[in-house]
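Chain by chain, the residues run as shown.
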Amino acid sequence: MKIITTPMCEEILKLAGISDYIVNKDPDEEDGDLAILLSESKVKMNSLPIKLNTSSQVFESIKKVSKIAENDLSDEEIKSFFKGYDLSCKYLNSDFKRDINVKVYSRFLKDIVLDMGFNLVENNPDFIVYPDYLKNDVQEKDNLVEIPSHGFVSKNPFERIEARYSILETLI
């Protein structure tokens, strides 16, 4: 099977035990059997969409991809990949509840904010969280928190999570 992946998903393939694949930002440019890419991406070929915004999404994505690799990693094996990434470990399968109201300006941030236990609101937020690419679209002027998007963070999903979670941890 010829697998194509995007740069943002490559690390998941490596962790899942897949070593034979092609990396291309636009998988449809390649002649492949399966594209493994972020869930918001669309391609013409068969695809396995994965999410990498939160620790639990990374965990589930590694599990899904390892089944394709016929490697079927155990939960403990997958958890070992999180070692050394303190915030990723902290929020993996967490049930934090915080009394902080947050308005978000994107779906990927919604996942992160909920994962960290913040209350998602539309009105009277304590903070407004938005991705860098929507900076000019934010209507509010106070209590703004900018989060780097895919283009401005590491391609390593753990490092990406650490960077984003650490920014939001300052709200606590």
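Before any of the text, the structure's been laid out above.
Residues numbered from 1 in each chain as written. Predicted model: local features only at pLDDT ≥ 70, side-chain atom pairs only at ≥ 80, totals over all residues. Heavy atoms only, no water.

Colleague: Lay out helix α5 (residues 107–115) in plain terms, naming residues and giving numbers.
Modeller: Buried residues of α5: Phe 108, Leu 109, Ile 112, Val 113 and Asp 115, and no others. Along the long axis of α5, the arc covered by the buried residues comes to 165°, so they all point the same way. On the buried face of α5, the contacting elements are α2 (55–68), β5 (101–104), β6 (119–120), β7 (127–131), β8 (144–147) and α6 (157–169). Put simply, Ser 106 is the residue that caps the front of α5, since its side-chain oxygen is 3.3 Å from the backbone nitrogen of Leu 109. At the exit of α5 stands Gly 117, carrying a positive phi of roughly 90°. (Buried < 20%, exposed > 50% of the residue type's maximum accessible area, 1.4 Å probe, protein only. Helix = DSSP H or I, 4+ residues; strand = E, 2+ residues; numbered from the N terminus. Arc of directions from axis to C-beta. Contact = heavy atoms within 4.5 Å. Polar contact = N/O pair within 3.5 Å; in protein donor to acceptor, adjacent residues only side chain to side chain.)

Colleague: How would you summarise the pairing of strand β4 (residues 47–50) if you had to cite specific residues and measurements?
Modeller: Regular strands place their side chains on alternate faces of the sheet. A one-sided burial pattern is seen for β4, the buried positions being Leu 48 and Ile 50 and the unburied ones Ser 47 and Pro 49. Taken together, the four bridges between strand β3 (residues 34–38) and β4 define a ladder with parallel strand orientation. Bridge pairing in β4 links Leu 37 to Pro 49. (Pairing = 2+ DSSP bridges.)

Colleague: Describe in detail the nonpolar core, supporting the description with residues and values.
Modeller: Ile 36, Val 65 and Leu 168 are the most contacted members of the largest nonpolar core, which totals 42 residues. Going through the elements one at a time, α1 (10–16), β3, β4, α2, β5, α5, β8 and α6 are the ones with two or more residues in this core. (Core = buried A, V, L, I, M, F, W, Y, C linked by side-chain atoms within 4.5 Å.)

Colleague: Tell me about the environment of Leu 38, and please be specific about residues and values.
Modeller: Checked against the element boundaries, Leu 38 lands in strand β3. In this structure, Leu 38 is in contact with Thr 6, Met 8, Cys 9, Ile 50, Leu 52 and His 150, ignoring residues within four places of it in sequence.

Colleague: Got a sec to walk through the packing of aromatic side chains? Specific residues and values, please.
Modeller: Tallied over the entire structure, the rule returns four aromatic pairs. Between the aromatic rings of Tyr 85 and Phe 158, the centroid separation amounts to 5.0 Å while the plane-to-plane angle is 20°, which identifies the pairing as stacked. Placement of Tyr 85 in the loop between α3 (75–80) and α4 (86–90) and of Phe 158 in helix α6 is noted, with a sequence separation of 73 residues between them. Through pairs of rings, three or more aromatic residues link up here, namely Phe 82, Tyr 85 and Phe 158. Over the ring of Phe 118 we find Arg 98; its NZ or CZ atom is 5.8 Å from the centre of that ring. (Phe/Tyr/Trp six-rings, centres within 6.5 Å; stacked < 30°, edge-to-face > 60°. Lys NZ or Arg CZ within 6 Å of the ring centre and 35° of its normal.)

Colleague: Explain the packing of α2 against α6 to me, and be specific about the residues and the numbers.
Modeller: The N-to-C vectors of α2 and α6 enclose an angle of 170°; their axes lie 10 Å apart at closest approach. Classified by the angle between their axes, α2 and α6 sit roughly antiparallel to one another. α6 is crossed by α2, and the crossing has right-handed handedness. The segment α2 lies against α6, with Ser 55, Val 58 and Ile 62 engaging Pro 157, Phe 158, Ile 161 and Tyr 165. Its residues assigned to classes, the contact of α2 with α6 shows six nonpolar, one polar and no charged. (Axes fitted to C-alpha atoms, helices over the stretch in contact; angles between N-to-C directions. Parallel < 35°, antiparallel > 145°, perpendicular 65-115°, else oblique. Left-handed = near helix turned anticlockwise from the far one by under 90°. Nonpolar A, V, L, I, M, F, W, Y, C, P; charged D, E, K, R; others polar.)

Colleague: Break down α6 for me, with residues and values.
Modeller: For α6, with 13 residues, the first-to-last C-alpha span of 18 Å sits near the 18 Å given by 1.5 Å per residue. Contact partners of the buried residues in α6: α1, α2, α4, α5, β7 and β8. Looking at where α6 begins, the residue whose side-chain oxygen comes 2.8 Å from the main-chain nitrogen of Phe 158 is Asn 156. (Expected span 1.5 Å × (residues − 1).)

Everything listed here is a matter of coordinates, which is why it stays silent on function.
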